[in-house]
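Residues per chain are reported as follows:
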Amino acid sequence: MTRSLYEVGMAPPLGHVPERMYASVIRPDRFGPPAEAFRTETVPVPEVPPGHVLVYVMAAGINFNNVWAALGQPVDVIAQRRRLGLTDDHHIGGSDGAGIVWAVGESVRTVAVGDHVIMSACRWDESADDIRLGADPMTSSTQRVWGYEDNFGAFAQFTVVADYQCIPKPAGLTWEEAAAFLLTAATAYRQLTDWPPNTVQPADPVLIWGGAGGLGSMAIQIVRALGGIPVAVVSSEEKAGYCRKLGALTLNRTEFSHWGRPPDAADAEGFDAWLAGVRAFGRRYWEVLGSRRAPRVVLEHPGQDTLPTSLYLCDTAGMVVICGATTGFQADVDLRFLWMRQKRLQGSHFANVRQCRAVVHLAATGRLDPCLSLVETFEHIGYVHQLLYENRQPPGNMAVLIGAPETGLTSAAPGSIGGSASDTR
Ligand SMILES: NC(=O)c1ccc[n+]([C@@H]2O[C@H](COP(=O)([O-])OP(=O)(O)OC[C@H]3O[C@@H](n4cnc5c(N)ncnc54)[C@H](OP(=O)(O)O)[C@@H]3O)[C@@H](O)[C@H]2O)c1
């Protein structure tokens, strides 16, 4: 059984806010591989500004963004915040989590102390000019990722989030399931539904990189729910089996070797060899699909290694929609294929509140499995990020227990959380 911080008797009674809390902390002098970068420390519990709530975190989800935070690359998130005038000298990551509302700030009306919530990963200034003029908040100049760009994420006993980040936790999900899926699912949902006319329609083939990963496992299910045909790329037979169980057709990328940045077009021999590799991959995709139809949408996130292939394979007037660059962010675009076939290369980033609620609804109604594959203890936050960093993670999404006493719990009677808080604020 996986156990949490609850075991060491750290939880205060509902509504009592202690001065300090346990947190898994990254500091600049530890930037590097995640196994070394994260360390448990005690830090002050953050203040709760107006419009925000303090949440006692029961479980947190694991995402690739805090691999980047641990490395301090490509962005040093602590230095970035300092440039904005914030004084924190550390980073508490965690952009997915589920927990119990413990205190509410001034003017909060939509959530109350004791509510069980899933927290969504982005916030913005609701009074920003661009939002007032009707922009999707995800495109606001004020939008920032909680637990990555912003400090005080879910890898601590308490976190502070804006009230609109709180979504009621479906009663049937365990804390760790509820914590594990929202970031990847909502990101995939926006990629697949938010960019008309390139939205997934019934019978559309959709190529999904990393089909057994966090994004990929969510994308397969969302494409199925939309009536499309998910074709998942993986790197092992085990992962292929996992994707097939979710309803995808599969291709194994390790049978091909043309990955990475293509040779310059002036190097005719090199370029032709690269093109032969892409075409062989394309023929395999047709075989797997059972027809010579190009993917209407390609769900991208590996980036440098795969983007040239994605753009080549994508259907005429289709879309490659990208939200990350696990393998590197300097990817080549052969403009000939882009304009002659009128393809679209679209960036997409996380999701707005409506999209988050849509995927929580899919999970609540049993149409989206959170694909929770590994639950670890708080002390192993560095270890699970190391798995991601080395691409050794199990298929699906991962979570860590924080306040939840054990795995498998769907609720917690407030009175059952905690003992005495000696240093109550
Ligand atoms: N912008 C956003 O809002 C947002 C949200 C979520 C995630 N992301 C980004 O999206 C990326 C994936 O996130 P995730 O949570 O799905 O991570 P994940 O669970 O680690 O999955 C990544 C998948 O990428 C595949 N992969 C690794 N190296 C590859 C390569 N060289 N070529 C092709 N595929 C490769 C792996 O599958 P195989 O080895 O089986 O091929 C792996 O399953 C990360 O970079 C993350 O930061 C961005």
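Here the structure is a predicted model, which is why all the values come from computation and not from measurement. (Residues numbered from 1 in each chain as written. Predicted model: local features only at pLDDT ≥ 70, side-chain atom pairs only at ≥ 80, totals over all residues. Heavy atoms only, no water.)

Some words on the overall build of the chain
Per the secondary structure count, the chain includes 13 helices and 18 strands. In terms of overall size, the chain behaves like a compact globule, its C-alpha atoms giving a radius of gyration of 22 Å where 425 residues would be expected to give roughly 22 Å. Along the first, second and third principal axes, the C-alpha atoms of the chain reach 70 × 45 × 45 Å. Per-residue burial over the chain gives 55% buried out of 425 residues. Considering only contacts within the chain whose residues lie at least 6 apart along the sequence, 73% involve residues at least 24 apart. Here the chain displays about 17400 Å² of accessible surface, and carbon together with sulfur accounts for 51% of that area. The distance from the centre of the 35 positive side-chain charges to the centre of the 43 negative ones in the chain is 6 Å. (Helix = DSSP H or I, 4+ residues; strand = E, 2+ residues; numbered from the N terminus. Rg over C-alpha atoms; globule rule 2.2 N^0.38 Å. Buried < 20%, exposed > 50% of the residue type's maximum accessible area, 1.4 Å probe, protein only. Contact = heavy atoms within 4.5 Å. Areas by Shrake-Rupley, 256 points an atom, 1.4 Å probe, with all protein chains shown as cover. Lys, Arg positive; Asp, Glu negative; His and termini not counted. Charge placed at Lys NZ, Arg CZ, Asp CG, Glu CD.)

Some details on the environment of phenylalanine 152
Relative to the assigned elements, phenylalanine 152 resides in the loop between strand S8 (144-145) and strand S9 (158-162). Phenylalanine 152 sits 57 residues away from serine 95 along the chain, and the two C-alpha atoms are 9.6 Å apart. Setting aside its immediate chain neighbours within four residues, phenylalanine 152 contacts Met21, Pro44, Pro46, Asp88, His90, Ile92, Trp146, Thr159 and Val160.

A look at the site of the ligand
Around the ligand, the surrounding shell holds 26 residues, and the nearest of these are Gly214, Ser235, Arg253, Thr326 and Gln393. Within the backbone of leucine 215, one N or O atom sits 2.9 Å away from an oxygen atom of the ligand. When the ligand is considered free in solution it has 910 Å² of accessible area, and contact with the protein chains removes 91% of it. Mapped by element, the contributors of at least two residues to the shell around the ligand are helix H6 (182-193) and helix H7 (214-225). Considering every element that reaches the shell around the ligand, the biggest residue donor is H6, with 3 residues. (Near = heavy atom within 4 Å. Polar contact = N/O pair within 3.5 Å; in protein donor to acceptor, adjacent residues only side chain to side chain.)

Digging into the packing of aromatic side chains
As enumerated under the stated definition, the model contains 12 aromatic pairs in all. Consider the rings of phenylalanine 64 and tryptophan 68, whose centres lie 5.3 Å apart with planes at 55°: the pair is tilted. Among the residues examined, phenylalanine 64 registers a relative accessible area of 23% and is labelled partly exposed. Through successive ring pairs, a cluster of aromatic residues spans Trp209, Phe256, Trp259 and Phe281. Positioned over the ring face of tryptophan 175 is lysine 169, at 5.0 Å from the centre of the ring. Looking at arginine 336, its charged tip hangs above the ring of phenylalanine 337, at a distance of 5.4 Å from the centre. (Phe/Tyr/Trp six-rings, centres within 6.5 Å; stacked < 30°, edge-to-face > 60°. Lys NZ or Arg CZ within 6 Å of the ring centre and 35° of its normal.)

As for the confidence of the model for the chain
Interpretation of this model should avoid reading the predicted coordinates in detail wherever pLDDT is low. In this model, the chain carries a mean pLDDT of 94, and residues with pLDDT of at least 70 account for 94%. Here residues 413-425 scores under 50 on pLDDT; set against residues more than four positions off or in separate chains, the count is 32 contacts. (pLDDT = per-residue confidence, 0-100.)

Observations regarding the pattern of salt bridges
Scanning the entire structure with this criterion turns up 14 salt bridges. Aspartate 150 serves as the salt-bridge partner of arginine 144, at 2.5 Å between the closest nitrogen and oxygen. With a relative accessible area of 12%, aspartate 150 lands in the buried category. Residues joined in a network through salt bridges with shared partners are Arg27, Arg30, Glu41 and Asp89. (Salt bridge = Lys/Arg side-chain N within 4 Å of Asp/Glu carboxyl O.)

Looking at the pairing of strand S12 (residues 229-234)
The buried fraction of S12 is high, at 5 of 6 residues. Bridge analysis of strand S11 (residues 205-208) against S12 gives 4 bridges, and the strand direction is parallel. The residue bridging valine 206 from the neighbouring strand is proline 230, located in S12. The pairing of S12 with strand S13 (residues 249-252) spans 4 bridges and is classified as parallel. Bridging across to S13, alanine 232 finds its partner in threonine 250. (Pairing = 2+ DSSP bridges.)

Focus: the nonpolar core
Counting residues in hydrophobic clusters, the biggest one holds 107 residues, and the most contacted among them are Ile92, Phe181, Leu192, Phe350 and Leu368. With residues near it in sequence (within four places) discarded, phenylalanine 350 still touches Ser120, Ala121, Cys122, Met138, Leu182, Leu183, Ala186, Thr187, Arg190 and Cys356. Counting residues in hydrophobic clusters, the runner-up holds 15 residues, among them Leu207, Phe256, Tyr285 and Leu289. (Core = buried A, V, L, I, M, F, W, Y, C linked by side-chain atoms within 4.5 Å.)

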